Amino acid sequence: GESVGLHLPTLSVQEGDNSIINCAYSNSASDYFIWYKQESGKGPQFIIDIRSNMDKRQGQRVTVLLNKTVKHLSLQIAATQPGDSAVYFCAEFTPNAGNMLTFGGGTRLMVKP
Amino acid sequence: EPEVTQTPSHQVTQMGQEVILRCVPISNHLYFYWYRQILGQKVEFLVSFYNNEISEKSEIFDDQFSVERPDGSNFTLKIRSTKLEDSAMYFCASRARDNTDTQYFGPGTRLTVL
């Protein structure tokens, strides 16, 4: 079936470096994508979103890139900080395929001081 | 900043008992959701609710589950007869308008079924 998946289950980076977290999605009909951050024991926290009519969107220290040709989504975090340590999920919304988000499996980001 | 709240934060129950998980969505939101996350696994959709009725539900959401919006602020998930495999984090989410508005999640309720 259609699914959203992540290439790397764990990413370890040095504080101050840039982080890139990747996500592959398989449903070409998906038109809205969200990155969530989940810290231990907490709910998913919205980071940034992007619609399918865009290929890049920037926030504060974060950038999301969307490549519809290869159905790939990435989250770039600039100058990674210890507080960025968490599990990051991408989620996709597919119109007319259920009124819900489909989540990927998650990538754990570990920031070394 | 408005946020989704959930109570209790942790619920422990015996197998076969009924539990009610409570959520207060963001006040001007119209669409409400329940998701669950079994430990170490990804977040899974359970049900969506709009205009006082279920708009979509997953295979997980069987006859043991029900949702209700008893008043203008609360949104509840009831599990009639809990099973061991219902142990998970349950997240409530809400969104405002059209399909591309972000869903905002609550902190979750950890349900432990013994």
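Procedures and definitions
Residues numbered from 1 in each chain as written. Chains lettered and ligands numbered in written order. Predicted model: local features only at pLDDT ≥ 70, side-chain atom pairs only at ≥ 80, totals over all residues. Heavy atoms only, no water. Pairing = 2+ DSSP bridges. Helix = DSSP H or I, 4+ residues; strand = E, 2+ residues; numbered from the N terminus. Axes fitted to C-alpha atoms, helices over the stretch in contact; angles between N-to-C directions. Salt bridge = Lys/Arg side-chain N within 4 Å of Asp/Glu carboxyl O. Buried < 20%, exposed > 50% of the residue type's maximum accessible area, 1.4 Å probe, protein only. Contact = heavy atoms within 4.5 Å. Buried area = accessible area lost by both parts, 1.4 Å probe. Polar contact = N/O pair within 3.5 Å; in protein donor to acceptor, adjacent residues only side chain to side chain. Core = buried A, V, L, I, M, F, W, Y, C linked by side-chain atoms within 4.5 Å. 1 Å grid on protein atoms, 1.4 Å probe; cavity = no way out; pocket = protein on both sides within 12 Å on 5 of 7 lines; lining within 4 Å. Points joined across faces, edges and corners; volume = space filled by probe spheres on them. Nonpolar A, V, L, I, M, F, W, Y, C, P; charged D, E, K, R; others polar.

Peer 1: Break down the sheet that holds strand β1 (residues 5-7) of chain B for me, citing the residues and quoting the values.
Peer 2: Residue and element names in this part refer to chain B. Within the open sheet, the four strands sit side by side as β1-β3-β8-β7. Their pairing is antiparallel. Whereas interior strands pair on both sides, the edge strands pair on one side only; in this sheet they are β1 and β7 (65-68). Across the sheet, the axes of successive neighbouring strands diverge by a mean angle of 20°, strand direction being ignored.

Peer 1: Describe the pattern of salt bridges, naming the residues involved and giving the relevant values.
Peer 2: Applying the stated criterion to the full structure yields four salt bridges over all chains. Taking the shortest distance from any N to any O, the salt bridge between E44 of chain B and R36 of chain B comes out at 3.3 Å.

Peer 1: How would you summarise the pairing of strand β4 (residues 32-38) of chain A if you had to cite specific residues and measurements?
Peer 2: Residue and element names in this part refer to chain A. Across the seven residues that make up β4, a large majority, seven, are buried. Every second residue of β4 is oriented toward a common face, with Y32, I34, Y36 and Q38 on one face and F33, W35 and K37 on the other, all of them buried. As paired strands, β4 and strand β5 (residues 45-51) are joined by six bridges and run antiparallel to one another. Looking across to β5, one finds that F33 is bridged to I50.

Peer 1: Run through the interface of chain A and chain B, naming residues and quoting values.
Peer 2: Facing 20 residues of chain A, the contacting portion of chain B comprises 22 residues. Across the chain A to chain B interface the summed buried area is about 1,700 Å²; carbon plus sulfur atoms make up 56%. The tally of links from chain A across to chain B stands at zero salt bridges. Our enumeration of links across chain A and chain B arrives at five residue pairs in polar contact (both at pLDDT 80 or more). If you list the elements that add at least two residues to the side of chain A that touches chain B, you get β4, β5, β9 (86-93) and β10 (101-103) of chain A.

Peer 1: So, the side chain of R95 of chain B: which residues are in play, and what are the values?
Peer 2: All names here are of chain B. For R95, the position within the fold is in strand β9 (residues 88-95). Assessed through its relative accessible area of 0%, R95 is described here as buried. Within the structure, R95 has its side chain in polar contact with the side chain of Y33 (distance 2.5 Å).

Peer 1: Describe the nonpolar core, listing the residues and the values that go with them.
Peer 2: W34, L46, F61, V67, F75, L77 and Y90 of chain B are the most contacted members of the largest nonpolar core, which totals 21 residues. Leaving out residues up to four positions away in the same chain, Y90 of chain B has contacts with Q6, L21, W34, Y35, R36, L46, F65, L77, I79, G108, T109 and L111 of chain B. Within the second largest apolar cluster, 20 residues are counted, among which are C23, Y25, V64 and L73 of chain A.

Peer 1: So, the layout of surface pockets: which residues are in play, and what are the values?
Peer 2: Of the voids in this model, the largest pocket is the one considered here, and its volume is about 490 Å³. What lines the largest pocket is a set of 19 residues, among which P44 and Q45 of chain A together with E1, E3 and F105 of chain B lie closest to the centre. Looking at the lining of the largest pocket, the elements that each hand over two or more residues are β4 and β5 of chain A together with β10 (104-105) of chain B. Looking at the lining of the largest pocket element by element, the count peaks at three residues for β4 of chain A. A class-by-class count of the residues in the lining of the largest pocket yields nine nonpolar, five polar and five charged.

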